[in-house]
Amino acid sequence: MIRLFFKNQRQNSLDPLVRTFRKMYSQTATELNKLSNNEIGAWLKSFDTVLTDCDGVLWIYNNAIDGAPDVINRFKEIGKKVFFITNNSTKSRPEFLEKCKMLNFRMVEEEIISTAWAAAKYLQNRNFQKKVYVIGSTGVAKELENVGIPYEGIGPDVLTGNLQNLVHGPFTADPEIGAVIVGFDEHFSFPKLFKAASYLDNPDCIFIATNTDERFPMSGKVIPGTGSIVRSVETAAERKAEVMGKPNPLICEGLFSDFQIDAGRTLMIGDRANTDIELGANCGFQTLLVGTGIHGLRDVEIWKKSVDPNDKKRIPDLYLPSLGDLLKYMS
Ligand SMILES: [Mg+2]
């Protein structure tokens, strides 16, 4: 249903300027800074909504990427709608806003789309009246509180003794739990997996995952991401989660309903092709990959030679080494 909706959006909204850009640059990974100033000027007019990933595009940890705040603020000054769209479920929107302010991005709360917010909104839109078991962090908890949905499960839940203590212990599945949300949880444990799978044994229990990012890159170490936890719960529950995060178009549901954005005149900017760029392909957005995060032109060259259709969806329309490079074209 959702895919059909996005397909219609795509077909209805292409004006001649956008069509020209699509024809010339669609999934070509053209280097934007090799185009003429006139071409870049025309491209800037071919979209009026900008969706951008955060980590690796706008900032790395607590440091803004050079020029990124100026580009984002300039987009707003020249009349573009801007939304930050992140798979990070550990923060609530007010917490993201604090970070934006600290790094000089002039944003308001409604312009921040996070998977924690999307998960809470998904339940609210479906008039959910029960309680949620959460494997996740306070970001999910705060967004559920904002929409008045009760929850439990946040924080450490460690195995005391052995498996027998857990299986024959005090836990019984609470019939008031009507949904399980799985996000990033540094306290993920065997008891949490046991409880989530027990709730999900009821086929009426809604199963939501905030995102499926596999891991966080770090030199010499691997930090398992939410996807590792989601796969674990899916395996135990023998069910697939409804995934809120990119590249699933569900994360844009609220954008289309609340802000009437036009898919054909929307640009998606990202550093990770299998989430950000693939979301763009799934929704019919123009796409721009920046080289300050996970993927770069070397990866794109591999996907161009691949026969796997999923790899094709990862090839962006355009490429820039860094978002800050755009500023000189926006005066
Ligand atoms: Mg990123």
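Rules used throughout
Numbers given to residues run from 1 along each chain, matching the order in which its sequence is written. Reporting of local features is limited, given that this is a predicted model, to residues whose pLDDT is at least 70; pairs of side-chain atoms are given and counted only at 80 or more, and all residues count toward the totals for whole chains, interfaces and linings. Water and hydrogen atoms were dropped before computing side-chain values, which therefore reflect all heavy atoms in the structure. A pair of strands is labelled paired if DSSP reports no fewer than 2 bridges between them. Numbering of helices and strands starts at the N terminus; helices are DSSP runs of H or I of at least 4 residues and strands are runs of E of at least 2. The contact criterion used throughout is that any non-hydrogen atoms of two residues lie within 4.5 Å. Here an axis means a line fitted to C-alpha atoms, over the contact stretch when the element is a helix, while the angle between two N-to-C directions is reported on a 0 to 180 degree scale. Each angle gets one of four labels, with under 35 degrees taken as roughly parallel, over 145 as roughly antiparallel, 65 to 115 as roughly perpendicular, and the rest as oblique. Helix crossings fall into two classes, left-handed where the near helix is turned counterclockwise from the far one by less than a right angle and right-handed where it is turned clockwise. Charged means Asp, Glu, Lys or Arg here, nonpolar means Ala, Val, Leu, Ile, Met, Phe, Trp, Tyr, Cys or Pro, and polar covers whatever is left, Gly included. Using protein atoms alone on a 1 Å grid, points that fit a 1.4 Å probe yet trap it form a cavity, whereas open point sets bounded by protein on both sides within 12 Å along at least five of seven lines form a pocket; residues with an atom within 4 Å of a point count as lining. Grid points are joined across faces, edges and corners, and a volume is the space filled by probe spheres set on the points. The classification of residues rests on relative accessible area computed with a 1.4 Å probe and restricted to protein chains. Under 20% of the type maximum is buried, over 50% is exposed, and intermediate values are partly exposed.

In the annotation of an unreviewed UniProt entry, the entry for the chain reads Glycerol-3-phosphate phosphatase, and the organism field reads Pseudolycoriella hygida.

J.: Hey, could you run me through the sheet that holds strand 10 (residues 206–209) in this one?
T.: Strand pairs in the sheet, formed through backbone hydrogen bonds, run parallel or antiparallel to each other. Pairing is parallel across the open sheet formed by five strands, whose spatial order is 8-7-9-10-13. The sheet is open, and its two edges are formed by strand 8 (151–152) and strand 13 (242–243), each paired on a single side. Here strand 9 (residues 177–182) runs beside strand 10; their pairing, made up of four bridges, is parallel. Bridge pairing links A179 to I206 in strand 10. Across the sheet, helix 6 (residues 115–125) is in contact with strand 7 (131–135), strand 9, strand 10 and strand 13; its angle to strand 10 comes to roughly 155°.

J.: How should the packing of helix 9 (residues 190–200) against helix 10 (residues 226–237) be read in this particular structure?
T.: In a pair of packed helices, the angle between the axes and the distance between the axes together describe the arrangement. Between helix 9 and helix 10, whose axes approach to 9 Å, the crossing angle comes to 50°. By the angle between their axes, helix 9 is oblique relative to helix 10. Of the two possible hands of crossing, helix 9 and helix 10 adopt the one that is right-handed. Contact residues: L193, A196, A197 and L200 in helix 9; S232, V233, A236 and A237 in helix 10. Looking at the contact of helix 9 with helix 10, its residues break down into seven nonpolar, one polar and no charged.

J.: Is there a simple way to think about empty space enclosed by the protein in this case?
T.: Over the atoms rolls a probe the size of a water molecule, and in doing so it shows where empty space is left. Evaluated as defined, the whole model comprises two cavities of 30 Å³ or more. Roughly 80 Å³ of internal volume is contained in the largest cavity. W117, A118, K121, Y122, N125, M244, L250, I251, E253 and G254 together form the lining of the largest cavity. Only helix 6 and helix 11 (253–259) provide two or more residues apiece to the lining of the largest cavity. Per-element accounting of the lining of the largest cavity gives the leading share, five residues, to helix 6. In terms of residue class, the lining of the largest cavity is built from six nonpolar, two polar and two charged. At three residues, the largest contribution of residues to the lining of the second largest cavity is made by helix 2 (residues 16–25). Looking at the lining of the second largest cavity residue by residue, the class counts come to three nonpolar, two polar and two charged.

J.: Could you clarify how one ought to interpret helix 12 (residues 273–283) in this entry?
T.: For helix 12, the buried fraction is high: 10 of the 11 residues fall into the buried class. All of the buried residues in helix 12 are A273, N274, T275, D276, I277, E278, L279, G280, N282 and C283. Positive phi shows up at G284, right after helix 12, with a value of about 80°.

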